[in-house]
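# Structural overview for review
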Amino acid sequence: MTIPRPRADACPGALQTHSAADGELARVRVPGGLLTAAQLRTLAAAARDLGDGALEMTSRGNLQLRGLSAGSPRELGDRLAGAGLLPSETHERVRNVLASALTGRAGGLLDARPWVAALDDGLCADPALAALPGRYLATLDDGRGDVSGLGGDVGLLALPSGDVALLLAGVDSGLRADPDGAVGLLLAATRAFLVERDARGGTAWRLAELDDGVARVAARLDGPRSAPVAVPPAPAAGPVGAETQADGRTALIGVVPLGRIAADQADLLASLAAEVQLTPWRSVVVPGLAEDRVDDAAVDLYRTGMVFDAASPWTRVTACAGRPGCAKSLADVRADAAAAVASGAVPEDSRVHWAGCERRCGRPRGDVLDVVATPAGYRVG
């Protein structure tokens, strides 16, 4: 059945901020997780000048700034617009786009980066799409199967046949397009979702919340159809370490513990590559490194706390903001999670999410062990 929502969608953005216990919180959308070095420097400076000195990664490859003063969002917006990070004030909350990690550099059946740019342009160009809920999500999978299972409302999945499958609420709709026409089909599906949402009262935040939403949206679309394929499940973790690119250069992929990038750390990342990619696993891809630069770059980033060992417990531990940033939190879950990692108390082969309350904000999809703060201490399970 269609899920009614008792309140309006208040998902934060860069301009529509959220009032947290430690100040205003702004969420900056980063389609495909792709940031130029100049944009990353702009964000680092904003975190240092306007916020608490750090950038928080989200499970959608976006970034948050915390601890903003009441008058900061307007200045932040001006800075973001100047860096090309705010192409549309009216659409800024709906630009949630995940793309395959390392796409166009290593692996995959095609380069999904042109899809990212075309989809972002298409979203911002349609005034009607500003009405999408802030939790709308599009996934652009180059065929490696890494982001298709992450719960997108709409998505594209490149197939070995050369066709592209349209995904709706994480399942294959059967609709097909060629790579050049795939974004057009995705935008049509997005508009159809909005129509169906409005027809059901306009309160649903996600396509999966609409009764028969997938079938109804698919019925509104034209195009070739094939037998649906199974959508790959979301991986427990993304790539970590070093990957050899198709051009012979190397991409470093480092996990950021608890997804918190200090401003100085962001500046270092910006000094190493012309573009970086943020992933939904709270890691950062630093691509295009020449062979003689890889070791020095890895050491420099390791010294700032980034993790390049796929066996590290930090690849399996996440946490919400906790105290003191969240007034609802019952514990400083980040400090407690860090202490658990340091003491070796994190169970092997388990993903663990530390949460300050029953809402469990930031919890990854899939099989996760919950460590939830209660008035009487932590509850595990």
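Quick caveat: nothing in here was measured; it's all calculated off a predicted structure. (Residues numbered from 1 in each chain as written. Predicted model: local features only at pLDDT ≥ 70, side-chain atom pairs only at ≥ 80, totals over all residues. Heavy atoms only, no water.)

## Thoughts on the pairing of strand β18 (residues 369–374)
Both faces of the sheet carry side chains from a regular strand, because those side chains alternate between them. Let me state the cut-off plainly: Here, strands pair whenever DSSP counts at least two bridges between them. Comment: elements are numbered from the N terminus, with helices defined as DSSP H or I runs of at least four residues and strands as E runs of at least two.
Strand direction decides the pairing type here: strand β17 (residues 352–355) and β18, joined by 4 bridges, are parallel. Each bridged residue has a counterpart across the sheet, and for W354 the counterpart in β18 is V371. Relative to strand β19 (residues 377–380), β18 runs antiparallel, the two sharing 4 bridges. Each bridged residue has a counterpart across the sheet, and for V372 the counterpart in β19 is R379. In this antiparallel pair of consecutive strands, β18 and β19, the connection spans 2 residues.

## Regarding the sheet that holds strand β9 (residues 164–168)
The line we're drawing: A fitted line through C-alpha atoms serves as each axis, taken over the contacting stretch for helices, and the angle formed by two N-to-C directions is quoted from 0 to 180°. Between two residues, a contact is recorded if the distance between any of their heavy atoms is within 4.5 Å.
Spatially, β6-β7-β8-β9-β10 is the arrangement adopted by the 5 strands of the open sheet, whose pairing is mixed. The strands lining the two open edges of the sheet, one partner per strand, are β6 (97–99) and β10 (171–177). Pairs of neighbouring strands in the sheet enclose a mean axial angle of 20 degrees, with direction left out of account. Note that β6 and strand β7 (residues 138–141) share 3 bridges and pair parallel. If you follow V97 over to β7, its bridge partner there is A138. Packed on one face of the sheet, helix α4 (residues 182–199) meets β7, β8 (154–158), β9 and β10 and runs near 155 degrees to β8.

## Notes on helix α7 (residues 291–303)
This is how the line gets drawn: In this scheme, a residue with accessible area under 20% of its type's maximum is buried, one over 50% is exposed, and one in between is partly exposed, where area comes from a 1.4 Å probe on protein chains only. Note that the arc is defined by the directions from the helix axis to the C-beta atoms.
The set of residues buried in α7 consists of V294, A297, A298 and L301. Down the axis of α7, the buried set is contained in an arc of 100 degrees. They therefore lie on one face. Of the residues in α7, the exposed ones pointing more than 90 degrees away from the buried face are D292, D295, D296 and R303. Close packing links the buried residues of α7 with β12 (250–255), α6 (263–272) and β15 (283–289). Downstream of α7 by one or two residues, G305 has phi in the positive range, about 110 degrees.

## Quick word on a negative patch on the surface
We apply this condition: What makes a patch is a set of residues exposed beyond 30% relative accessible area and free of salt bridges, joined within 9 Å when like-charged and within 5 Å when nonpolar (Val, Leu, Ile, Met, Phe, Trp, Tyr). Accessibility throughout is a Shrake-Rupley quantity obtained with a 1.4 Å probe, and a residue counts as covered only by protein chains that appear here. By definition here, a salt bridge exists when the distance from a side-chain nitrogen of Lys or Arg to a carboxyl oxygen of Asp or Glu is within 4 Å. Charge counting follows a simple rule: Lys and Arg are positive, Asp and Glu are negative, and His as well as the terminal groups are ignored. A charged residue contributes its charge at one atom only: NZ of Lys, CZ of Arg, CG of Asp or CD of Glu.
On the surface, a cluster of negative charge is made up of E291, D292, D295, D296 and D300. Given the relative accessible area of 75%, E291 is considered exposed.

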